[in-house]
Amino acid sequence: MNATQEQLKVKFEQALVAAFGAEYAGVDPILVAASNPKFGDYQANVALSLSKRLGKQPRAIAATIVEELDIAAICEPPEIAGPGFINLKLKTAYLEAQLQAIQRDPRLGVPTVKDPQREVVDFSSPNIAKEMHVGHLRSTIIGDCIARILEFRGHHVLRLNHVGDWGTQFGMLIAYLREVYPQALTTANALDIGDLVSFYRQAKQRFDADEAFQETARQEVVKLQAGAEDTIHAWKLLCQQSRLEFQVIYDLLDVKLIERGESFYNSLLPGVVEDLDKSGLLVENQGAKCVFLEGFTNREGEPLPLIVQKSDGGFNYAATDLAALRYRIHQDEAKRIIYVTDAGQANHFAQFFQVARKAGWIPDDVELVHVPFGLVLGEDGKKFKTRSGDTVRLRDLLDEAVNRVRADLENRLQEYGRTETEEFIAHAAEVIGISAVKYADLSQNRTSNYVFSYDKMLSLKGNTAPYMLYAYVRTQGISREGNIDFEQLGTEAKILLAEDTELTLAKHLLQLSEVVSEVEKDLLPNRLCEYLYSLSDKFNKFYENCPVLQSEEPVRTSRLGLCNLTARTLKLGLSLMGISVLERM
Ligand code: ARG
């Protein structure tokens, strides 16, 4: 609900009490956006819902409400339509005043929340020594956008990277490290062991081929858990190497994260098992400690437990998540904990959420949310792979986007005989290429699978980053062409709305705050993309229809004001997705 709708709602509530008495306080006026602009901007359906209670015809009820309704400052006189709908049309003067107000507001009418809270966004979360794959890329992009929006609303956001930095696979890696880089374990300096992913592959090969090596690997796991100095040293080395590789991607994407990997919670794991035991939830099943769940069964229909501690004493993924959850609630004081992972992990989250609830660990004011997303597919509709069938390295994937943009840009420059500095070209290519990858992901409803297509995401047409960036560039072109300093025109342009396309654009501009709070609630960034895409469409229609620079004052200033507001809205909206604009492209 936007501020206007909010205000109208209050007015309706007052009218209902005035018309029918105090017991009608709190009745929902059922105020919705009009389905068709023909009927105005909003529609209240309360008269129909009260018909039974009041024993009267809805149209008569509507008439009584309208009589008491004090909305002359906001709307034209309301109209009663059909069986008893109350149709409302916003007054032009009201819209003009609203636009003028957001013009003065650097936040463009999006308020900060009154009661900011601590929110955890657990996202990205790749695994040490393994490939950071396209699934992690989606998590990184979606998680960052969610975090940006929550931050913009004024919440205290903890951006946590729940890196997979612990587990039995380290035994194998460390044992292999000892063999191939014995010096790594004794020197203090970091050592470049090259590409960790191929290191992992080699270690795995060695592991699979040799039983004696497997035993050594198992011993390394024990030593790691016991905190043996040289083993810990090797483990740290591997983590550090991965960290450097991940950081390259985060830098390219301009994403900030706090690393708090699984190992961080190690010392808390026995406490989790102990407390589950105390609350009577723990069951021993073939030596493993587990909790039985409601609503989860295996293929045979037998109840499926969540295993927290394996029979060999090792804790697993779920145990760590339970420990992390408790830490986030008690130490971080988080009120909402958001996990951004692929939909394939939905059961894992549903399960450990359920266990934590049963154990009574989740206070009423804490919300747990799994934000699932679909798979990344290639253009052939199959799992995303390189031509040779390998998994795509993220670094290569991002570089490719940038390189394609660069080639395209250089062609266009040549075609138009434009010359630009190398610095400009490199910067523009990077901004457009990276934005395209981000926007293509965010503009999809995250719950569906998404087809990764350079051609589509880099197109200047359609709901793409290049299109949105170009829309912004166009608004800047107007200011250049007219020699107008938008800064100076700034915040006090007198807005006058007369043409339909102006009114439509104006109303859309006023909706930003509603969209942002929707995304804050539903965590669906594609809504923001749709809003911005529709904004650029409405702007284009306005711009085709209404001369700006050629019109007379005071209309000229007003229209420039609309251009400026559109530009500012695009820039702000894109910034919430981690996309920065260009002045030219
Ligand atoms: N490391 C996991 C993966 O690569 C994702 C972790 C998600 N966060 C969590 N708290 N479980 O699939």
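Before reading further, recall that the structure is shown in the block above.
Please read these numbers as outputs of a predicted model, since none were measured by experiment.

Engineer: Would you take a moment to explain the sheet that holds strand S6 (residues 156-161) for this structure?
Structural biologist: Pairing between sheet strands relies on hydrogen bonds along the backbone, with the strands arranged either parallel or antiparallel. The five strands lie next to each other as S7-S6-S5-S11-S12, forming an open sheet whose pairing is parallel. The open sheet terminates on both sides in strands that have one partner only, identified here as strand S7 (258-259) and strand S12 (367-373). One ladder, built from two bridges, connects S6 with S7; its direction is parallel. Across the sheet, residue leucine 160 finds its bridge partner in S7, namely isoleucine 258. Each of strand S5 (118-122), S6, strand S11 (336-342) and S12 is contacted by helix H11 (residues 317-330), which is oriented at about 145 degrees to S11, the strand it contacts most.

Engineer: I'm lost on the nonpolar core in this one. Help?
Structural biologist: Soluble globular proteins: nonpolar side chains tend toward being buried together. Membership of the largest hydrophobic core comes to 156 residues, with the highest contact counts inside it found for Leu99, Leu397 and Met577. Ranked by residues supplied to this core, first place goes to helix H14 (residues 422-442) with twelve residues.

Engineer: Please clarify how the site of the ligand should be interpreted in this entry.
Structural biologist: Close to the ligand lie Asp122, Ser125, Asn127, His136, His162, Tyr317, Asp321, Tyr339, Thr341, Gln345 and Phe349. The side chain of histidine 136 places a nitrogen or oxygen atom 2.8 Å from an oxygen atom of the ligand. In this structure, tyrosine 317 approaches the ligand through a side-chain N or O atom, which is 2.8 Å from a nitrogen atom. Taking 340 Å² as the accessible area of the ligand by itself, protein coverage stands at 90%. Among the secondary structure elements, those contributing two or more residues to the shell around the ligand are H11 and S11. The residue makeup of the shell around the ligand, split by class, is three nonpolar, six polar and two charged.

Engineer: Explain the pattern of salt bridges here, please?
Structural biologist: Two side chains of opposite charge can pair, provided their charged atoms sit close to one another. Counted according to the given criterion, the structure contains 37 salt bridges. The partner of lysine 507 in a salt bridge is aspartate 41, with the nearest N and O atoms 2.7 Å apart. Linking lysine 507 in helix H18 (residues 500-509) with aspartate 41 in the loop between strand S1 (31-33) and strand S2 (42-44), this pair joins segments that are 466 residues apart in sequence. Classification of lysine 507 by relative accessible area gives partly exposed; the value is 25%. One salt bridge connects lysine 541 with aspartate 537, and the closest N-O pair in it is separated by 3.2 Å. Remark: aspartate 537 and lysine 541 occur in helix H20 (residues 526-545); sequence separation between them is four residues, near one turn of the helix. Judged by relative accessible area, which is 44%, lysine 541 ranks as partly exposed. For aspartate 537, a relative accessible area of 34% translates into the label partly exposed.

Engineer: Teacher, can you tell me more about the packing of helix H16 (residues 465-481) against helix H21 (residues 555-575) here?
Structural biologist: To describe two helices that pack against each other, one gives the angle between their axes and the distance between the axes. Direction vectors running N to C along H16 and H21 enclose 145 degrees, while the axes themselves pass 9 Å from each other. For the pair H16 and H21, the crossing hand works out as left-handed. Between H16 and H21, the residues in contact are Met468, Leu469, Ala471, Tyr472, Thr475, Gln476 and Ile478 and Leu560, Cys563, Ala567, Leu570, Lys571 and Leu574, respectively. Here the residues of the contact of H16 with H21 sort into ten nonpolar, two polar and one charged.

Engineer: Is there a simple way to explain helix H6 (residues 169-180) in this structure?
Structural biologist: For an α-helix the count is 3.6 residues per turn, leaving residues at separations of three or four pointing the same way. For H6, built from twelve residues, the straight-helix expectation of 16 Å at 1.5 Å per residue is met to within 8% by its first-to-last C-alpha distance of 17 Å. The element H6 is extensively covered by neighbouring structure, given that nine of its twelve residues are classed as buried. Inspection of H6 places Gln169, Phe170, Gly171, Met172, Leu173, Ile174, Ala175, Tyr176 and Leu177 among the buried residues, and these make up the whole buried set.

Engineer: What should I look at first to understand the side chain of glutamate 514 in this one?
Structural biologist: Structurally, glutamate 514 can be placed in helix H19 (residues 512-522). No salt bridge is formed by the buried glutamate 514. Its closest oppositely charged neighbour is lysine 521, at 9.0 Å. Those residues in contact with glutamate 514 that sit more than four places away from it in its chain are Met1, Asn2 and Gln5.

Engineer: Help me out: how do you make sense of the packing of helix H7 (residues 196-209) against helix H8 (residues 211-226) in this one?
Structural biologist: Direction vectors running N to C along H7 and H8 enclose 115 degrees, while the axes themselves pass 5 Å from each other. On H8, the residues touching Ala203, Arg206, Phe207, Asp208 and Ala209 of H7 are Glu211, Phe213, Gln214 and Ala217. Here the contact of H7 with H8 is built from residues that sort into five nonpolar, one polar and three charged.

Engineer: Please explain the sheet that holds strand S3 (residues 79-81) as it appears in this structure.
Structural biologist: Pairing is antiparallel across the open sheet formed by four strands, whose spatial order is S1-S2-S4-S3. The outermost strands of the open sheet, each flanked by one partner alone, are S1 and S3. Here the average twist between neighbouring strands, direction ignored, is 30 degrees. In this sheet, strand S4 (residues 85-88) lies alongside S2 in antiparallel orientation, the contact comprising three bridges. Bridging across to S4, glutamine 43 finds its partner in asparagine 87. Strands in contact with helix H3 (residues 58-68) are S3 and S4; relative to S3, the strand with the most contacts, it is inclined by about 170 degrees.

What counts and how
- Residues numbered from 1 in each chain as written.
- Predicted model: local features only at pLDDT ≥ 70, side-chain atom pairs only at ≥ 80, totals over all residues.
- Heavy atoms only, no water.
- Pairing = 2+ DSSP bridges.
- Helix = DSSP H or I, 4+ residues; strand = E, 2+ residues; numbered from the N terminus.
- Contact = heavy atoms within 4.5 Å.
- Axes fitted to C-alpha atoms, helices over the stretch in contact; angles between N-to-C directions.
- Core = buried A, V, L, I, M, F, W, Y, C linked by side-chain atoms within 4.5 Å.
- Buried < 20%, exposed > 50% of the residue type's maximum accessible area, 1.4 Å probe, protein only.
- Near = heavy atom within 4 Å.
- Polar contact = N/O pair within 3.5 Å; in protein donor to acceptor, adjacent residues only side chain to side chain.
- Areas by Shrake-Rupley, 256 points an atom, 1.4 Å probe, with all protein chains shown as cover.
- Nonpolar A, V, L, I, M, F, W, Y, C, P; charged D, E, K, R; others polar.
- Salt bridge = Lys/Arg side-chain N within 4 Å of Asp/Glu carboxyl O.
- Left-handed = near helix turned anticlockwise from the far one by under 90°.
- Expected span 1.5 Å × (residues − 1).
- Lys, Arg positive; Asp, Glu negative; His and termini not counted.

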